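Report on the structure
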Amino acid sequence: MGCGGPRTPPHNRFTTPRGPRVGTRCIVAHPAETLRAPRFRGIPGMVANRTPIGSSARRAGAAVLHVRLAPHGRPRRPPGVLRLCDDSDRALRGVVMDHQSTRRDLLRVGGTLAFVTATASACDLLSTNPSRSGQPKRGAGGGPKSKEAPMLADLVKRGALDPVEKRLPPKPVVVQPNDRPGVYGGEWRLNTVASGYGTGATQYQIAGYENLVRWDPTFTKIIPNVADSYEVSADSTTYTFHLHQGIRWSDGHPFTAADVVFAVQDVIMNTELSPIPQFGAMSAEQLDDYTVRFTFAEPNGVLIENIATRLGLVFTDNPAHYLKQFHKKYNPNIEALVKKEKLDDWLALFQQKGGDYSFGSNVDKPTLYPWVLKSVSNAQIVVERNPYYWKVDPDGSQLPYLDRIIWSVVTNEETTLLKTANGEVDFSYGDPKNKPVLARGRSQGDYRFFDAVPGHTSDVCIYPNLVHKNPVLRKIFQNKDFRIGLSHAINRQEIIDAVFQRQGQPWQIAPRKESSYYDREMAEQYIEYDTNRANEYLDRAFPDKDPNGMRLGPDGKPITFNVDVHGGITEWVDTIDLVVRYWRKVGVNARLNNVSPELAVTRGEANQHDMAVWSGEGGLDAVILLNPYNYLPILSPYSFFGVPWVTWHDSDGKQGEEPPAPVQRQLQLYDEALATADRQRQHDLMTQILQIAKEEFFGIGISAPSGAYGIVSNRTQNWAKQMTTGTVWVYMDPAPSNPCQYFVEEG
C-alpha cells in the first residue's frame, strides 16, 4: 500500500499486533523515582498515567505503570449547569472578581454553589461562548515579522548561531495557523502536577509531539510529520518510511534514518532496556540517509495508529549521536560514567539521560521539538525555543512563535483553581464542579472558555465480576436479567443533576454520538429509571425475598456484594453512594467499598472484586479501536467484568478461564483487526465486536458527559478550533493543534 502521505481514514487502532502472550501484572506507584526506574524503560504500556487517563481519573493523581510480564511471549498493552441566583451572584462578585482571590474564598464559593437555584442569566454565565465578555484580542501587532525570532537573530548577529537559512531544511514543513500568522515573543504559563508523570509526559503533550506521523488539528486523521510518506506491505509486516530531508536535532546535528534504526535496534529491541518489545518483534534497516524500513515477525496492521500516539515518541526521541555514550554497546568505558553519576548500572544511566519522559528532566538531551528543556526544579519547568526547529509558518518565518513555556509545579487541585481564577495560567482543562467559579472570574482573570469533545463514553462504569471466584456471586452476576434490573433501578438524571452539575445525559457503556460506531440503541438500552421494570427483571432472576424484602440468591441467602470505588475521585464515590441506595429499594444489598487506586487495581488483578467502578474511555473512534477494554476482555484489570478471560486470551489458553462462545468470538475478531491494515476491514470487525458487547451487556454505564471545557487566556492567539480531551495517551491533546503556532498578544 503506497502513499504520498499516509492513507489513514478516521478509524484508528492502538493495541499492538498479537504474538506469544501470557498474563498481565500492573504495578502502581506514586514516587517519581519509581516511574523513572530503569527496569521500566521501554516496557509496553509504560505510561505513568492516571489509571487510566480519563478526565475523572486525571483528577485522581494516581500513577499507574501498566507492565506486561510475559515469559512465554508478547504483551497486551494499554498503551483520564448549575444556575445561579442573585445571592450567589453577589457571593461570586465578592470573591472571584477580586483578582487576588484566596484558595479559601474559592472553596467557600464552591460550597455555596451547591445550593443555589436557577436564573436565566446563568446560561450565558456558564457558556463557553458568552455574549458579553472574554473575547480574544485581535490584530497581530508588532509590525513586520522577520524570518526568525529576535532572540535568535541576536545570537546570529553575535556569531553564536548559524543563519536561519542554514538551520532550516531545504524545504521546511509549513504549518497553517489556526487563525492567522502570529508574532514572535512572550511566554506561556501553565501548571503541572508534582510527579514523575506530570514533569515529563505533560511536556511532551504540549511542547514535544513530533512523531513520524501525527494526528491532524481536527484529531480525526493521521498525517505525515517527520516522515513525509510511507508504504505498507500487503501483509502488514513491512513498513517503509521516507523521512523529511534536512531536519536537525536541537544541537544542530542532522537527524537521519540512523537515529530511527538506533531507536529500534538498540532501545526497543534491546532486551535489557526493553524486556518486552513495545511493538512486538521487529527490526529496522537504513536504506539510505532518509529511508528506513521496519520488518515485523507477525502482521502489524496498527503500527501507524500506534506511532501517532504517545508510544510513537520512541522513534524520534532517541538522538543516537548523544545517547550512544550512555549505551553499553557503544561505550566500552560505560562503567566509569555509571560510577560518576552514582548510579547502579548502565540501564539506570541510560534511563536518566534518555529514558521515557526525559524531555521533562534532562536539559542536555537534543530534541526535534519546537522548544528545548532549559531548566527543571521542584517549583518550575522551563522550555525555550529550539533554534533548529524545522517548521515555518506560511510566510516562511521559523516557528515557534513563543519564546518559552513555563510550568509551575503544583501539588493540589485547589492551587490550580486559584491560579486559574487569578489569571496566572494560559491554558487548563476545567472540572465541571468548578465551572461556575471560573465563569464569574473570566473578566478579571482575562480568560475565556473553550469547548472540548470528551473522549470517554461514560463518567462512571460499573462492572460486575462475571467470572467471580465465589460460585454464588458468579451465578448472580452472570444473570443478564439481574444486570438489566439493576440498570433500570438507577435514577441517572438525579445523579447527573446532583453529582455532575446537570452536565451529561443518561448513557450506557457505548460509543459517543461523535463516533462512527455510534449506536443509539446500545447507548440507551436499559437506561430508563423505572422501579417497576427493574423489579420485573429482578423477579425473573431472583424472585424470593427475606422478611426485610431483600432478594435471596441461589444459595437462599440475601444477595450482598461490595462495589469497589476509587475513593480519590469524588464523583465516583458520590455516584455509587446513590446507586447502592437505589438498589436497596429493589431488594439488592450492595455496599460501597471505598478503596485506593492501588487496592482497586490489586483486587482486580487478583479477581477478588465483586463489582468495580472505573472510567469508560472508549467513546471515540481512535480509542475504541486502540484500547477497547470496555467492550471485550483485553486488558487486566480494567476489563473488570472478565479478568480471567483476559488471562486466558493472553496465554493462548494456558492460564485463566475459557470464556463463553460470544466472548471468544469477540477475541477472535479483535485478533483479526490487529493483523489487518485495511481500515474498512478494521472498522467492520470492531463493529461486530461492539454488537456482541451490546448483546452481552457486560457492564452498566451512568452518563455521557455532554461536553468538556477548558480555559485559555485572552492573550493566547491561534487557539485550536476544536479540541478532544480525556484520552491524552492517544491524542496527546492539545499537541495536534500545533502549539508551535500559538502566540501571545498583550493589551
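Everything numeric in this text was worked out from a predicted model, so none of it was measured.

Another point: the overall build of the protein chain. Check the secondary structure of the protein chain and you find 28 helices and 27 strands. For the protein chain, the residues scored as buried account for 62% of the 747 residues in total. Put simply, the protein chain shows about 26300 Å² of open surface, and 49% of that area lies on carbon and sulfur atoms.

The next point concerns the pairing of strand S19 (residues 560–566). The element S19 is extensively covered by neighbouring structure, given that five of its seven residues are classed as buried. With respect to chirality, the unit in which S19 leads through helix H22 (residues 570–585) into the neighbouring parallel strand S20 (residues 589–595) is right-handed. Bridge count between S19 and strand S21 (residues 611–616): two bridges; the pairing is parallel. Among the inter-strand pairings, Asp564 is bridged to a residue of S21, identified as Ala612.

As summarised here, the arrangement of the four strands in space is S15-S24-S16-S26, forming an open sheet in which the pairing is mixed. A single partner strand is all that each edge strand has here, and the edge strands are strand S15 (427–429) and strand S26 (724–725). As paired elements, S15 and strand S24 (residues 708–713) share three bridges and run antiparallel to each other. Across the sheet, the residue bridging to Tyr429 is Gly710, located in S24.

Among the residues making up helix H14 (residues 413–421), those that are buried are Thr415, Leu417, Leu418, Lys419, Thr420 and Ala421. Just downstream of H14, Gly423 is the residue with a positive phi angle, here 75°.

Taking burial as the measure, the seven residues of strand S17 (residues 458–464) include seven buried ones, the bulk of the element. Bridge count for S17 against S21 is five bridges, and the pairing is antiparallel. Among the inter-strand pairings, Tyr463 is bridged to a residue of S21, identified as Ala612. Of the pairings in the sheet, the one linking S17 to strand S22 (residues 700–701) comprises two bridges and is antiparallel in character. By the bridge assignment, Ile462 is partnered in S22 with Ile700.

Take empty space enclosed by the protein next. By volume, the second largest cavity is sized at about 110 Å³. Contributing to the lining of the second largest cavity are Tyr463, Gln508, Ile509, Met522, Gln525, Asn630, Tyr631, Ala693, Lys694, Phe697, Phe698 and Gly699. Across the lining of the second largest cavity, the residue classes tally to seven nonpolar, four polar and one charged.

Here we take up the confidence of the model for the protein chain. Looking at the protein chain, the pLDDT average stands at 82 and 80% of residues meet or exceed 70. pLDDT under 50 marks residues 1–126. Its contacts with residues more than four places away, or in other chains, come to 410 contacts. Across residues 130–143 the pLDDT falls below 50, and counting only partners more than four positions away or on other chains, this stretch makes 35 contacts in the model.

A few words now on H22. Here H22 contains 16 residues, and its C-alpha end-to-end distance of 23 Å stays within 8% of the 22 Å for a straight helix at 1.5 Å per residue. Along H22, the positions that sit buried rather than exposed are Glu571, Trp572, Val573, Thr575, Ile576, Leu578, Val579, Val580, Tyr582 and Trp583.

What follows covers the environment of Val156. Secondary-structure assignment places Val156 in helix H6 (residues 150–157). With residues near it in sequence (within four places) discarded, Val156 still touches Glu148, Leu161, Asp162, Pro163 and Arg167.

Close approach of charged atoms allows side chains of opposite charge to pair. Overall, the coordinates contain 30 salt bridges when judged by the stated rule. Between Arg180 and Glu745 there is a salt bridge, and its shortest N-O distance comes to 3.5 Å. Highlighted residues: Arg180 in the loop between strand S3 (173–174) and strand S4 (187–193) and Glu745 in the segment after strand S27 (743–744), separated in sequence by 565 residues. The burial state of Arg180 is the same as that of Glu745; both residues are buried. As a salt-bridge pair, Glu695 and Lys480 come within 3.3 Å of each other at their nearest N and O atoms. One end of the pair, Glu695, is in helix H27 (residues 679–696); the other, Lys480, is in helix H18 (residues 480–488), and 215 residues separate them in sequence. A single network of salt bridges, built from pairs that share partners, joins Arg189, Asp426, Arg715 and Glu746.

Where helix H17 (residues 471–478) contacts H18, the two axes come as close as 5 Å, and the packing angle between them is 65°. By the angle between their axes, H17 is roughly perpendicular relative to H18. Between H17 and H18, the contacting residues are Ile476, Phe477 and Gln478 on the first element and Lys480, Phe482 and Arg483 on the second. Residues belonging to the contact of H17 with H18 are distributed by class as follows: three nonpolar, one polar and two charged.

So, on to the sheet that holds strand S12 (residues 380–385). Ordered in space as S4-S14-S12-S11, the four strands form an open sheet in which the pairing is mixed. For this open sheet the edge positions go to S4 and strand S11 (371–376), each flanked by a neighbour on one side alone. Recorded for the sheet is a direction-independent mean angle of 25° between the axes of neighbouring strands. The strands that H14 touches are S4 and strand S14 (404–410); relative to S14, the one it contacts most, it runs at about 140°.

Peptide bonds are trans in most cases, and residues, glycine excluded, mostly fall at negative phi. The omega angle of the peptide bond from Ser636 to Pro637 is 5°, so this bond is cis rather than trans. Cis geometry is found at the peptide bond from Asp733 to Pro734, where omega equals 10°. Structurally, Pro734 can be placed in the loop between helix H28 (728–731) and S27. For Asn607, which is not glycine, the phi dihedral falls at a positive 60°. Following the sequence through the fold, Asn607 ends up in the loop between helix H23 (597–605) and S21. Look at Asn607 and you get buried, because its relative accessible area is 7%. The backbone of Met732 shows a phi angle near 55°, a positive value even though the residue is not glycine.

Rules used in this analysis
Residues numbered from 1 in each chain as written. Predicted model: local features only at pLDDT ≥ 70, side-chain atom pairs only at ≥ 80, totals over all residues. Heavy atoms only, no water. Helix = DSSP H or I, 4+ residues; strand = E, 2+ residues; numbered from the N terminus. Buried < 20%, exposed > 50% of the residue type's maximum accessible area, 1.4 Å probe, protein only. Areas by Shrake-Rupley, 256 points an atom, 1.4 Å probe, with all protein chains shown as cover. Right-handed = clockwise from strand over helix to strand, strands pointing away. Pairing = 2+ DSSP bridges. 1 Å grid on protein atoms, 1.4 Å probe; cavity = no way out; pocket = protein on both sides within 12 Å on 5 of 7 lines; lining within 4 Å. Points joined across faces, edges and corners; volume = space filled by probe spheres on them. Nonpolar A, V, L, I, M, F, W, Y, C, P; charged D, E, K, R; others polar. pLDDT = per-residue confidence, 0-100. Contact = heavy atoms within 4.5 Å. Expected span 1.5 Å × (residues − 1). Salt bridge = Lys/Arg side-chain N within 4 Å of Asp/Glu carboxyl O. Axes fitted to C-alpha atoms, helices over the stretch in contact; angles between N-to-C directions. Parallel < 35°, antiparallel > 145°, perpendicular 65-115°, else oblique.

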